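Given next are the chains, with one letter for each unit.
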Amino acid sequence: MNGGEPAGLAGEPRNGTPRAVAVVFGGPSAEHDVSIVSGTAVAEALAGGGRPVSQFCIDLAGGWWLLPAGHRREGRRPADYDDPGALGAAGPFGAGEAAAGIAGARPRPVVFVALHGPFGEDGTVQAILEEAGLAYTGSGVAASAIGMDKPLFKRFARGAGLPVLPWLDVTAGQWAADRSGTLAAMDAFAADAPGRRVIVKPACLGSSVGMSIAWSPADREPAMELALRYDARVLVEPCLPTPRELEVAVLGNPPGELLVGGPGEVIPSRDFYDYIDKYVVDDARVLSRAEVDEATAARCQSIAGAVYALIGAQGFARVDLLLDRGSGRVYLNEINTIPGFTPISLFPRIMAEGGLDFADLCARIVDLGAAARAARPVRRLTPDDLPR
Ligand SMILES: Nc1ncnc2c1ncn2[C@@H]1O[C@H](COP(=O)(O)OP(=O)(O)O)[C@@H](O)[C@H]1O
Ligand SMILES: [Mg+2]
């Protein structure tokens, strides 16, 4: 027999009381600060709806801090959390220890994972929450990992016939062993790219960190060196000339019905939507409704829904597409299984266009996390469970 969770422990409401939630934010990633803004906004919205909310801030070293009960962010800036101890927070706890602590709380909270990037969006934290038997928001281990790994994601998408740009895989080992051979392979690959331009990306990162455009053949070596500083695997893609960047918001647990909104659009202020454009200057334009014809919007939505279900995403995600201005073709670029989630982020804004305000959206995501847990009972096999 499988040892399922007793009813009531996965965060189901009892006697009509709303589910308790533990919001987790911060984390050791380039998106630490934006995650704090996302997480505190989520905590505030959920607490405002009458839910018991606890908050964990993960510091840059990976330590989990439990903020004081009823804590409300007073300052405006993430820097207020630089020293969680000074806020009266308890910690730092190891991730497993914190997850076990959450699992021991009654009523047992659903964990709202408001982390972005590595160690949050990539399946690592999800694995720790699985281990503790917790219900949590968003995608599970596998979909999170696939979503973070660009070449792996593209392989899945291509295998399902979804439109992705061609790419070249390069590893640090290949580069170290045969630099000139790798550059020759890049040269052959670039022959089919518009203007022979390529864009070089670390395989598993985000925030455009380590990415650059090789405008000319001479730029390829430094572009590769840069990307390899951040990951031992790199991908090279044709660089579309200032593509339109269309982004679709998806909410739901397949095979249940999905709510698909958008596309919205990002209009970068620089050569591409790089780290500086995302987080340093504030000049990019982010539109919750892109001006595209109905057929393009429908195509974006259909690709987004398809890839979401394909990788087994759950809860919510933002699917990003590139529209090539020359050919009018739409390419699937990536999925973000924990998209930016501040009140002014594109995902909540697209959902608000569809009539779901920020607080209702947070509550829906919590409920989807609880439903996903309930549909996937915790199973701990013992030798007695095995065939004899
Ligand atoms: N093939 C491409 N051609 C042109 N621009 C691209 C291409 N791929 C990515 N970009 C630009 O780089 C940005 C970041 O790339 P992306 O693959 O989304 O990485 P990240 O996960 O870091 O967001 C995109 O938003 C877009 O501006
Ligand atoms: Mg992106």
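The rules behind these values
Residues numbered from 1 in each chain as written. Chains lettered and ligands numbered in written order. Predicted model: local features only at pLDDT ≥ 70, side-chain atom pairs only at ≥ 80, totals over all residues. Helix = DSSP H or I, 4+ residues; strand = E, 2+ residues; numbered from the N terminus. Rg over C-alpha atoms; globule rule 2.2 N^0.38 Å. Buried ≥ 20, exposed ≤ 12 C-beta atoms within 10 Å, placed from the backbone. Contact = placed C-beta atoms within 7 Å. Core = buried A, V, L, I, M, F, W, Y, C linked by C-beta atoms within 7 Å. Near = placed C-beta within 6 Å. Nonpolar A, V, L, I, M, F, W, Y, C, P; charged D, E, K, R; others polar. Domains from an automatic or database assignment. Pairing = 2+ DSSP bridges. Axes fitted to C-alpha atoms, helices over the stretch in contact; angles between N-to-C directions. Parallel < 35°, antiparallel > 145°, perpendicular 65-115°, else oblique.

**Side note on the overall build of the chain**
Alright, step 1. In terms of helices and strands, the chain carries 12 helices and 14 strands.
Alright, step 2. Relative to the compact-globule value of 21 Å for 388 residues, the chain shows a C-alpha radius of gyration of 21 Å, a close match.
Alright, step 3. Here the C-alpha coordinates of the chain stretch approximately 65 × 55 × 45 Å along the principal axes.
Alright, step 4. Looking at the 388 residues of the chain, the share that counts as buried comes to 46%.
Alright, step 5. Sequence-distant contacts in the chain: of pairs separated by 6 or more residues, those separated by 24 or more amount to 68%.

**Considerations on the nonpolar core**
Alright, step 1. If you look at the biggest cluster of nonpolar residues, it comprises 108 residues, and the most contacted ones within it are Val24 and Phe112.
Alright, step 2. Beyond its immediate stretch of four places on either side in the chain, valine 24 contacts Gly39, Phe56, Ile58, Val111, Phe112, Val113, Ala114 and Leu115.

**Structural notes on the site of ligand 1**
Alright, step 1. As a matter of local geometry, ligand 1 sits amid 20 residues, with Gly206, Glu237, Leu240, Phe272 and Tyr273 nearest to it.
Alright, step 2. Contributions of two or more residues to the shell around ligand 1 are made by strand S7 (198–202), strand S9 (233–238), strand S13 (315–323) and strand S14 (330–336).
Alright, step 3. Here the residues of the shell around ligand 1 are counted per class, giving 11 nonpolar, 4 polar and 5 charged.
Alright, step 4. The two domains that each donate at least three residues to the shell around ligand 1 are domain 2 (147–162 + 241–337) and domain 3 (168–238).

**A closer look at the sheet that holds strand S3 (residues 64–66)**
Alright, step 1. Read across the sheet, 5 strands follow the order S4-S3-S2-S1-S5 without closing on themselves; strand pairing throughout is mixed. Looking at which strands have only one partner, the edges of the open sheet turn out to be strand S4 (90–93) and strand S5 (110–113). On average, each strand axis in the sheet is tilted by 25 degrees relative to the strand beside it, whichever way the strands run.
Alright, step 2. Taken together, the 4 bridges between strand S1 (residues 21–26) and S5 define a ladder with parallel strand orientation. Each residue of the ladder has a partner; that of valine 24, found in S5, is valine 113.
Alright, step 3. Its contacts with the sheet place helix H1 (residues 32–48) against S1, strand S2 (53–58) and S5, and it is angled at close to 160 degrees to S1.

**Points about the domain arrangement of the chain**
Alright, step 1. Entries for the chain in the domain assignment read domain 1 (21–138), domain 2 (147–162 + 241–337) and domain 3 (168–238).
Alright, step 2. Computed over C-alpha atoms, the centres of domain 1 and domain 3 are 36 Å apart.
Alright, step 3. Between domain 1 and domain 3, the contact holds 6 residues from the first and 5 residues from the second.
Alright, step 4. In the side of domain 1 that touches domain 3, the residues fall into 2 nonpolar, 2 polar and 2 charged.

**Digging into the sheet that holds strand S6 (residues 168–171)**
Alright, step 1. Pairing within the open sheet is antiparallel, and its 4 strands lie in the order S6-S9-S7-S8. The sheet is open, and its two edges are formed by S6 and strand S8 (212–214), each paired on a single side. Each neighbouring strand pair of the sheet contributes to a mean axis angle of 30 degrees, computed without reference to strand direction.
Alright, step 2. Sheet analysis places S7 next to S9, joined by 5 bridges and oriented antiparallel. Considered in S9, the bridge of proline 202 is made with valine 234.
Alright, step 3. Sitting on the sheet, helix H8 (residues 220–228) is in contact with S6, S7, S8 and S9, with an inclination near 20 degrees to S7.

**Here's the deal with the packing of H1 against helix H12 (residues 358–375)**
Alright, step 1. Running from N to C, H1 and H12 cross one another at 90 degrees; their axes reach a closest spacing of 9 Å. Classified by the interaxial angle, the pair formed by H1 and H12 is roughly perpendicular. Packed against H1, whose contacting residues are Val42, Ala45, Leu46 and Gly48, the element H12 presents Phe358, Ala359, Cys362 and Ala363 at the interface.
Alright, step 2. Grouping the constituent residues of the contact of H1 with H12 by class yields 7 nonpolar, 1 polar and no charged.

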